[in-house]
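# A structural walkthrough
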Amino acid sequence: MGSMQNDDDDTGSGSYRLPAVSEPLSYDLYLDLTDNSFSSYTGMVDITIKYTGNESSFSLNSLDLTINETSVRVLRTDGTVVPLKSFVISHQFEQLHFTFDDLLETGSSYKIHLDFQGLIKTDFFKGIYRSSYGVGNDIKYLATTFLAATYARTVFPCYDEPSYKARFNIKIRHLSHHTALSNMPVTVSTHFDGYSETTFDTTPLMSTYLVALVVSEMTTLSSDKELFRVFAPENKVNYTIYAHDFAVRAVRALETHFGRQNQIPKIDLVGIPDFAMGAMENWGLITFREDYLIYEDEEETTAQSKQRIASVVTHELAHMWFGNEITPEWWTYVWLNEGFATYFEYYITSQVEPSQSCSARPMNYYATDPAILNELYDYVVYAKSASVIRMMQNVIGLETFKQAINDYLRSRSYLTTKPEYLYASIEKFRTVDLPASVESIFESWANAPGYPVVTVTVDRTQRTLTASQKRFWMPNEVDSPPENKLFYIPLNYASNVPSSNDFQDTAPTFWLTPENPSTTIALETGVEWLVVNKQQTGYYRVNYDVESWRKLIEVLNSDRFEELLPVINRAQLVDDVANLARAGQVGYDVALSLIQYLERETEYIPWSTAYDALLHLDRMFSGNKEYVRFESYGRTITSHVFNR
């Protein structure tokens, strides 16, 4: 072979992105995890690639691996070796660069062979790492993986970008008292003196960040014949029954909703003691923080823990469609994974378990540096994008939305995706009039950070409602106010007048747009009070003129508040008035007068929003001589719900 260099010069791509001249078709990956203390491992990989360029080079990702330079070879399909001119390791760009004397043939397949070794991390829960748990006086160790967004390259050389999908054939050598799990069912297991080799079936086409393995002594109550198995330490495995049974029901509900079967023959759910995230949707081998699978019983575990198990399990199962089968072509669009998984986490869980009912960045966020990519999993990706998806579902209607989603899943199956494909499916089925294209509406939310506040002014003499939008911002000592981004905002209202009193119809009746950020509409005769954003399906706050706040406070303080205002809108009023007061947009006299209605409120949602507001006030007042008055206020409004 040619020269081997260990270099940080700009040989190769000079970019974090791999040069688009080759793509993987399949991997044969062999890992030896027989090290007693799980501190290091060895491996070899054969990657069958298709060459798509017309040059004499290509690159792979690799980081923190020791490559055995004498093992590196590239073969043609007939088994002959392609002579290497140079092989360069770029630490800066986390890549291996292969250069050849001759041009490679466009459209031809080649096989890359590499032997390597790596360290199993003990203090960092990414890549391949060691975890442990206690059983009695024994400490048991296990090895597991977490590869999103860019840690597959730390486990084996690969094409570590989401758009490069391939099939994986995985074989693991391990100590015989350990069980090896990976994405697919076991096809062959051979045993030697103290060692075993476990071979797994070929995966579907998938991205490298979904590859997973667990080598441990954990056990399961399920048989190999079942779709679901839940693995946990032997002293906790009896507490996995709820998670197992819930997963069976949730996957059926998801399959029914999408009109598409789950595409994988077995799904293992594994509780890991040390885990960086809540869970990771590796296809067929979903790993969880242990607490999210263990449910002891009604006495030992809170209702909230049970709800969390249900919602996290549903979230990860939804990824089998949104993320695994259909994968964003780059991490910019990770909201297409997490937004839908979060949306269905709530939607499906509420069906299966009806009893559980300023540095902000935009949803679309482009980056190539792995250090930034691995920080992209934040509230924007989960909460904001799920809220925007829910808003659009209410705009176009649930049944239409369902048809559009099913069309989207069918059209991108086993392919990569970007938002345009989602928008096209929604356009295809939508029947409602919109002020702009689905793309323009969605992108106004996806490309702007934060969310707006809609200010509503009612003129009772002229019988008009004027609404205008502005980016909501919570002032602080450090940041200057952000640019005022404008959105397409769907609006509706309900009032005391029978003709506009239907809180269930959440379709928009008028819009604010970037072109018309303010608008005035006529009101019916006799409107005393009104609430904008029915059931809070729109992702924005609402501020009112003082007189309109006063009328709403009267409604909340009346004996009929529960029948006049739905619980979600009561929570919305509490949350909005508290945050608007905190941002200096509403007087605290208004906010505290409204929050006072909680004296008679016994529902959970308004109280959970009030809790955050009261906690903030408690901190603000704590050093003040008037704190006793705030304590008295707090006691007054909580006494009824406390006695309940």
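The following paragraphs examine the structure supplied in this document. (Residues numbered from 1 in each chain as written. Predicted model: local features only at pLDDT ≥ 70, side-chain atom pairs only at ≥ 80, totals over all residues. Heavy atoms only, no water.)

Looking now at the sheet that holds strand β12 (residues 179-182). With respect to topology, four strands assemble into an open sheet ordered β9-β10-β15-β12, the strand pairing being antiparallel. Because the sheet does not close on itself, it has two edges, and the strands there are β9 (127-135) and β12. The mean angle between the axes of side-by-side strands here comes to 15°, regardless of whether they run parallel or antiparallel. (Pairing = 2+ DSSP bridges. Helix = DSSP H or I, 4+ residues; strand = E, 2+ residues; numbered from the N terminus. Axes fitted to C-alpha atoms, helices over the stretch in contact; angles between N-to-C directions.)

Here we take up helix α11 (residues 567-582). For α11, with 16 residues, the first-to-last C-alpha span of 23 Å sits near the 22 Å given by 1.5 Å per residue. Across the 16 residues of α11, twelve count as buried, placing the element largely inside the fold. Glycine 584 lies just past α11 and shows a positive phi near 80°. (Expected span 1.5 Å × (residues − 1). Buried < 20%, exposed > 50% of the residue type's maximum accessible area, 1.4 Å probe, protein only.)

This next bit is on the packing of aromatic side chains. Inspection of the entire model under this criterion finds 37 aromatic pairs. Taking the centre distance of 5.4 Å and the plane angle of 50° together, the rings of tyrosine 242 and tyrosine 295 count as tilted. In this pair, tyrosine 242 sits in helix α1 (residues 241-258) while tyrosine 295 sits in the loop between β20 (285-289) and α2 (303-318), placing the two residues 53 residues apart along the sequence. Accessibility assignment for this pair places tyrosine 242 and tyrosine 295 in one class, buried. Put simply, the rings of Phe258, Trp321, Phe322, Phe340, Tyr343, Phe344, Tyr347, Phe401 and Tyr408 pair up and form one aromatic cluster. Against the face of tyrosine 195 rests arginine 173, its NZ or CZ located 4.5 Å from the ring centre. Sitting over the face of the ring of tyrosine 421, arginine 412 holds its NZ or CZ atom 3.6 Å from the ring centroid. (Phe/Tyr/Trp six-rings, centres within 6.5 Å; stacked < 30°, edge-to-face > 60°. Lys NZ or Arg CZ within 6 Å of the ring centre and 35° of its normal.)

Here we take up the environment of valine 527. Relative to the helices and strands, valine 527 is located in the loop between β28 (518-522) and β29 (530-532). What makes valine 527 buried here is its relative accessible area of 10%. In this structure the C-alpha to C-alpha distance between valine 527 and arginine 460, which are 67 residues apart in sequence, comes to 7.7 Å. Setting aside chain neighbours within four positions, we find valine 527 in contact with Arg460, Ser495, Asn496 and Val497. (Contact = heavy atoms within 4.5 Å.)

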